[in-house]
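Results of the structural survey
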Amino acid sequence: MPANDIHAVTSTNGGSHTAVSALVVMPGTGSDADFVRRAFGAAAARMGVELIALQPEEDLVAGHRRRLDESADRYGRILVGGISIGAAIAIDWALGADGAQRCAGVWAALPAWSGVGDSTLAVQSAAATARALRVDGLEATIAAMRRSSPAWLGAELTRSWRALYPGLVGQLEQAARYRAPTVDDIAHLAVPLAITAAADDPLHPLEVAEQWCAAAPEAHLVHVGLHEWGQDPSVLGRSCARAWGELVR
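Keep in mind it's a predicted model, so treat the numbers as computed, not measured.

How each quantity is defined
- Residues numbered from 1 in each chain as written.
- Predicted model: local features only at pLDDT ≥ 70, side-chain atom pairs only at ≥ 80, totals over all residues.
- Heavy atoms only, no water.
- Core = buried A, V, L, I, M, F, W, Y, C linked by side-chain atoms within 4.5 Å.
- Buried < 20%, exposed > 50% of the residue type's maximum accessible area, 1.4 Å probe, protein only.
- Contact = heavy atoms within 4.5 Å.
- Phe/Tyr/Trp six-rings, centres within 6.5 Å; stacked < 30°, edge-to-face > 60°.
- Helix = DSSP H or I, 4+ residues; strand = E, 2+ residues; numbered from the N terminus.
- Disulfide = S-S within 2.5 Å.
- Expected span 1.5 Å × (residues − 1).
- Bend = angle between axes of the 7 residues up to and from the residue.
- pLDDT = per-residue confidence, 0-100.
- Salt bridge = Lys/Arg side-chain N within 4 Å of Asp/Glu carboxyl O.
- Pairing = 2+ DSSP bridges.

**Things to note about the nonpolar core**
- With 57 residues, the main nonpolar core has Val106, Leu193 and Trp212 as its most contacted residues.
- Contact partners of Val106, with chain neighbours within four places excluded, come to Val80, Ala90, Ile91, Ala94, Val191, Pro192, Leu193 and Ala194.
- Grouped together as the second largest cluster of nonpolar side chains are 31 residues, Ala109, Leu110, Trp152 and Trp229 included.

**Concerning the packing of aromatic side chains**
- Applying the stated rule across the entire model yields three aromatic pairs.
- Ring centres 6.5 Å apart and planes at 75 degrees place the aromatic pair Phe35 and Trp229 in the edge-to-face group. One end of the pair, Phe35, is in helix H1 (residues 33-47); the other, Trp229, is in helix H11 (residues 226-231), with 194 residues separating them in the sequence. Per residue, the accessibility class of Phe35 equals that of Trp229, and both read buried.
- Taking 5.3 Å as the distance between ring centres and 75 degrees as the angle between the ring planes, the aromatic pair formed by Trp152 and Trp229 counts as edge-to-face. With Trp152 in helix H7 (residues 151-164) and Trp229 in helix H11, this residue pair connects regions lying 77 residues apart in the sequence. Taken individually, Trp152 and Trp229 each receive the classification buried, so the pair is uniform in this respect.
- In textbook terms, an aromatic cluster arises when at least three aromatic residues are bridged by ring pairs, as seen for Phe35, Trp152 and Trp229.

**Details of the state of the cysteines**
- Counted according to the given criterion, the structure contains zero disulfides.
- Cys213 carries a free sulfur, and the closest cysteine sulfur to it, the one in Cys240, is 12 Å from it.
- On the basis of relative accessibility, which here comes to 4%, the residue Cys213 falls in the buried class.
- On the basis of relative accessible area, Cys240 is assigned to the buried category, the value being 0%.

**A word on H1**
- Taking 1.5 Å of rise per residue, 15 residues should cover 21 Å, and H1 covers 19 Å from first to last C-alpha, within 8% of that figure.
- In H1, a bend of some 50 degrees at Phe40 exceeds every other bend along the element.
- Within the sequence span of H1, burial applies to Ala33, Phe35, Val36, Ala39, Phe40, Ala43 and Ala44.
- A positive backbone phi angle near 80 degrees is found at Gly48, which sits one or two residues after H1.

**Let's talk about the confidence of the model for the protein**
- On average, residues of the protein score 92 in pLDDT, and 92% of them reach the 70 mark or higher.
- In this model, residues 1-17 is a region of pLDDT below 50 whose contacts with residues beyond four sequence positions or in other chains number 46 contacts.

**Things to note about the pattern of salt bridges**
- In the structure shown here, the tally under the stated rule is 16 salt bridges.
- Residue Arg102 is joined to Asp69 by a salt bridge in which the shortest nitrogen-to-oxygen separation is 3.1 Å. With Arg102 in helix H4 (residues 99-102) and Asp69 in helix H2 (residues 60-75), the pair connects residues that are 33 residues apart, well separated along the chain.
- Under the relative-accessibility criterion, Asp69 is labelled partly exposed at 31%.
- A single salt-bridge network, built from bridges that share partners, covers Asp32, Asp34, Arg38, Glu156 and Arg159.

**Let's talk about the pairing of strand S2 (residues 22-26)**
- Most of S2 sits out of view: five of its five residues are buried.
- Of the two faces of S2, the one carrying Ala22, Val24 and Met26 and the one carrying Leu23 and Val25 are both buried.
- Two strands pair when backbone bridges link them, and S2 and strand S3 (residues 50-53) are joined in this way by four bridges, in the parallel orientation. Counterpart to Leu23 in the pairing with S3 is Leu51.

In structure tokens form, the structure reads like this:
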């Protein structure tokens, strides 16, 4: 990635950092473990940690939290990460009763909203897609999505939606109801927060990432372009790894 296409912002209070052996990452709404592996696999391999890419379950949020607990039981302290809603769930888990003890840090790619997201494009899109799937069915909804999406996004969502359907409908509806951590919640985060965001991604506003970075006691934000990560998902993982490197340097 060209150096002039990426820049960073840092907020830190000099917290402690612990070596870990696993990075557990959750996909965004409508996405899956396959995309997570392409987005974070190279970064995890370079760091020498095992990537655990979570596949969405029927009970989206509770399923991810259960898998995070299981991963922490197996590996001890873990890095947790996510894309979009996955990033919010990662922070939510880290803020929980066991989070400070079992979470070594959070990698948040493309955060989409804080608190209740009813007015956000990401939540409105999830709710509208769920309604379309119920009324029109999978293939008609895919066709409509492809007509209004860049080719790379249309191809990616076609693949993942077909893989996740019919459970996809409930997952989208749960995502639309999900209350993400607020900036006040994030101010209590006890572990480092590495963030990646794109200034030109309307579903994942840069403002949200900047607010998360400013709120967290120890955080670093790396900016990428929508077209960059769209063409090469590994940009997300590498950018989170860069942010993490700044925090643990």
